[in-house]
Amino acid sequence: MNEGTTATAEPRPDGTPPIEEPLDDGSDFILARVQTNPSPQSPQTARFTLGYLASGLRKIVTQTQSASLSSPSHQPVSLMDDQDDSAENIDWQFWGSIVNSYDEVARRQPRLLTKKLMQGIPDAVRGTVWMLMCKAKNEDMENTYRALLTRDSSHEKAIIRDLDRTFPKHKHFADKGGPGQESLLHVIKAYSVWDTEVGYCQGIAFITGPLLLNMPDEEAFCVLVKLMNDYNFRELYTPNMIGLQLRLFQFERLLKDLFPAISKHFDTHDIKATMYASQWFMTVFAYRFPLEIVFRIMDMIFAQGLESIFRFAFALLKKNQDQILQLNDMQSLLDFLKTCLFDPYVDNVDALMQDAAAIKISKSKFDKLAVEHVEELRKNNPDLLSGDALRAENRRLAAALRKAEESYETLNREHIQLVKEHIEMRTLKERATQKVEEHEITVEGLKSVLSSERREAEEQVKEEMDRLAQKNYKLTMKNEELQDTVDRVEGIVLAQNARLKELEAVVNTLRGN
C-alpha cells in the first residue's frame, strides 16, 4: 500500500468496528502510546453512557459558553471567549465511545480517532478526554496535591513574579491575585515541591494554563505529572535539558530532510534551532498562539505524544517558506520566526490542523534519530550521559523515598485512626456495661414492685369476687321469691278463669229461659 493511502478494513462478524491499520498520519503514534501505556479504565474515572452524552452534552456546551469567570478557582472556566461548537455537527456517539473506552477505540480505529482529533475535541468533554488519554485520574495523587499546597517552595517568589507575564492577555489569568493566577500558582508551586530536580521553569506555566481552563486544580496537577513523566515533558525542563537537546537534534535533522531549502537558508545565516524552536517545545506554542489554538494542539499531544509538536512546527515553516527565504539577515529571520510565523493561522485553526496532518513523519524515524542522538552524545560528551544515569537513579530513589514517606504517612494516619476507633469502642463498651448494670437494678426494682402490686391485686380480686358471690346469692333468693309469687298469681288467674266460665254458663241458661 502506498504511503498515505487509506486501507479498507473488512467488517467483523460480531458487528464491532473493524480494526484499522495505522498510517503515518499520526495514527501510528496513537497506537504506540496505547500499546506502551495500557491499562483498564480506572473506576475512579468519570463514566458517561452513550445515551447521556447524546442527549445531555448539548446542554453542557450551552452551560460552558455562559460560564462566568467569577466561578471558584478550583473549577474549570469557559474554555474559549467565542466558542463555535455546533451541537448538531458534533458526533456525540463517537465521543461517548471515547469517554467510555478510549483505549478500545484507539486500538481499533486509530485513523478515525486521528481524524476526529484533527477536528477538535468538543469543549464540553475536552478535560475529561484529556484525562482519559493520559490516564491521570488518581484520588491518591489529588490528595497528595492538597498536601503539597501546605508546604513551602523555594521557587514561590519566581513563580509569582512570572504569573503576570504568562498569559497577560487572557482574561482568566490577567487579574493580579485573581482566581486564575491563584490556581496557576497553586499547581506550579505544588509541582515544584513534588519534583525538586525540575523545580520551576516558566515553560511549565504555559502547559498548566490550558489544563486549568479545562479541569479543576487538583485534576490539572495530576495531568501535569502525567505530561511530565509519561509524555517526557520533564526532560525539557531539567537543568541540563537533555530532552530539549534531543528534540532540537531531531528537529534540525528532519528540517534538513523535509525542507532542505529552509535548512540551507538557516545554515547560511547561522540560525540554529535553539534560537527559535526551544519555546515551541517548552510552551507548546502557548507563548504566542491564542489558547483556543493551543487546546487543539494539545488534543493531538495527548493522543500522539510530544512528537506531534514537530508536525505543527513544520506546518508553520512550510506555510511561511516564501517569506523566510526572502529574509537575508539573522535578526530579521529571528524576529520573523518568533512573531510573524504564526499569523497565517491565528484566525484559521482548522487550516493549521490540516497542514500539520499533511506532514508525514513516521515513528520509526523519530526512534532512529533518538538512537543517533545518544550515539553522538556518547562520543562527544560521555560525562553527560553518565551524569544523566546518576540523576535518573537519584530520581528513582527520590521517588521511592517519597512513595515510602507517603506510605508511612498513610499508615500513620490509619494507625491513629485505629487507635481513636479502639478508644471509642472501649468507651462505648464501658458505657454499655454501665447501662446494663443500671437496667438490671431497674428490672429488680420493677420485679419487686410487680410482686407487691400482684398480691394487692389478688386480694382486691378476691374481695370483689366475694362481694359479687354474696350479691348473686341475694339475687337468687329474691328470684325464687318472685317465682313463688308468679306461681301463686297464675293459680289465682286459673281459678278466676274457671269461675268466669261457670258464670257465663249461668248467664246463658237464664237468657234461654
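Refer to the structure printed above.
Residues numbered from 1 in each chain as written. Predicted model: local features only at pLDDT ≥ 70, side-chain atom pairs only at ≥ 80, totals over all residues. Heavy atoms only, no water.

K.L.:
Which residues make up the overall build of the protein chain, and what values go with them?
P.N.:
When helices and strands are tallied, the protein chain shows 23 helices and 0 strands. Counting the 513 residues in the protein chain, one finds 41% classified as buried. Looking at the protein chain alone, contacts between residues at least 24 apart form 78% of all its contacts between residues at least 6 apart. Working note: accessible area of the protein chain is about 29000 Å², and carbon and sulfur atoms make up 53% of it. (Helix = DSSP H or I, 4+ residues; strand = E, 2+ residues; numbered from the N terminus. Buried < 20%, exposed > 50% of the residue type's maximum accessible area, 1.4 Å probe, protein only. Contact = heavy atoms within 4.5 Å. Areas by Shrake-Rupley, 256 points an atom, 1.4 Å probe, with all protein chains shown as cover.)

K.L.:
A description of the packing of aromatic side chains should follow, citing residues and the corresponding values.
P.N.:
Taken as a whole and assessed by the stated rule, the structure comprises 24 aromatic pairs. Relative to Trp280, the ring of Phe251 lies with its centre 6.0 Å away and its plane at 80 degrees, an arrangement referred to as edge-to-face. Here Phe251 is found in helix α14 (residues 242-258), whereas its partner Trp280 is found in helix α16 (residues 278-283), with 29 residues between them in sequence. The pair formed by Phe251 and Trp280 is uniform in burial state, with each residue classed as buried. Between Phe251 and Phe281 the ring centres are 6.4 Å apart and the planes differ by 85 degrees, which places this aromatic pair in the edge-to-face class. Taken together, the positions of Phe251 in helix α14 and Phe281 in helix α16 put the pair 30 residues apart, joining distant regions of the chain. Across the pair, Phe281 and Phe251 agree in class, each one buried. The cationic tip of Lys116 hangs over the ring face of Phe94; the distance from NZ or CZ to the ring centre is 5.6 Å. (Phe/Tyr/Trp six-rings, centres within 6.5 Å; stacked < 30°, edge-to-face > 60°. Lys NZ or Arg CZ within 6 Å of the ring centre and 35° of its normal.)

K.L.:
Report on helix α21 (residues 349-357), specifying residues and quantitative values.
P.N.:
Within α21, the full set of buried residues consists of Val349, Ala351, Leu352, Met353, Ala356 and Ala357. Against the buried residues of α21 lie α5 (110-119), α17 (291-304) and α18 (308-319).

K.L.:
A description of α5 should follow, citing residues and the corresponding values.
P.N.:
Counting buried residues along α5, 7 of its 10 residues qualify, which places the element largely inside the surrounding structure. Those residues of α5 that fall on the buried side of the exposure criterion are Pro110, Arg111, Leu113, Thr114, Lys116, Leu117 and Met118. The positive-phi residue at the C-terminal boundary of α5 is Gly120, with phi of around 105 degrees.

K.L.:
Describe the packing of helix α10 (residues 179-194) against helix α11 (residues 202-212), listing the residues and the values that go with them.
P.N.:
Direction vectors running N to C along α10 and α11 enclose 125 degrees, while the axes themselves pass 10 Å from each other. Relative to α11, α10 is oriented oblique. In the packing of α10 onto α11, the handedness of the crossing is right-handed. Every residue of α11 that contacts α10 at Ser183, Leu184, Val187, Ile188 and Tyr191 is listed here: Ile204, Ala205, Thr208, Gly209 and Leu212. Partitioned by chemical class, the residues of the contact of α10 with α11 number 7 nonpolar, 3 polar and no charged. (Axes fitted to C-alpha atoms, helices over the stretch in contact; angles between N-to-C directions. Parallel < 35°, antiparallel > 145°, perpendicular 65-115°, else oblique. Left-handed = near helix turned anticlockwise from the far one by under 90°. Nonpolar A, V, L, I, M, F, W, Y, C, P; charged D, E, K, R; others polar.)

K.L.:
Quick rundown of the pattern of salt bridges? Include the residues and the values.
P.N.:
Applying the stated criterion to the full structure yields 24 salt bridges. Salt-bridge contacts for Asp164 lead to Lys176; the nearest nitrogen and oxygen are separated by 3.0 Å. With a gap of 12 residues between them, Asp164 in helix α8 (residues 156-166) and Lys176 in the loop between α9 (171-174) and α10 connect regions that are remote in the sequence. Lys176 sits in the exposed class, given a relative accessible area of 65%. Between Asp367 and Lys363 there is a salt bridge, with the nearest N and O atoms lying 3.2 Å from each other. One end of the pair is Asp367 and the other is Lys363, both in helix α22 (residues 363-380) and 4 residues apart, which spans about a single turn. Of the residues examined, Asp367 reaches a relative accessible area of 39% and is grouped as partly exposed. When salt bridges that share partners are traced, they join Lys137, Glu142, Arg146 and Glu219 into one network. (Salt bridge = Lys/Arg side-chain N within 4 Å of Asp/Glu carboxyl O.)

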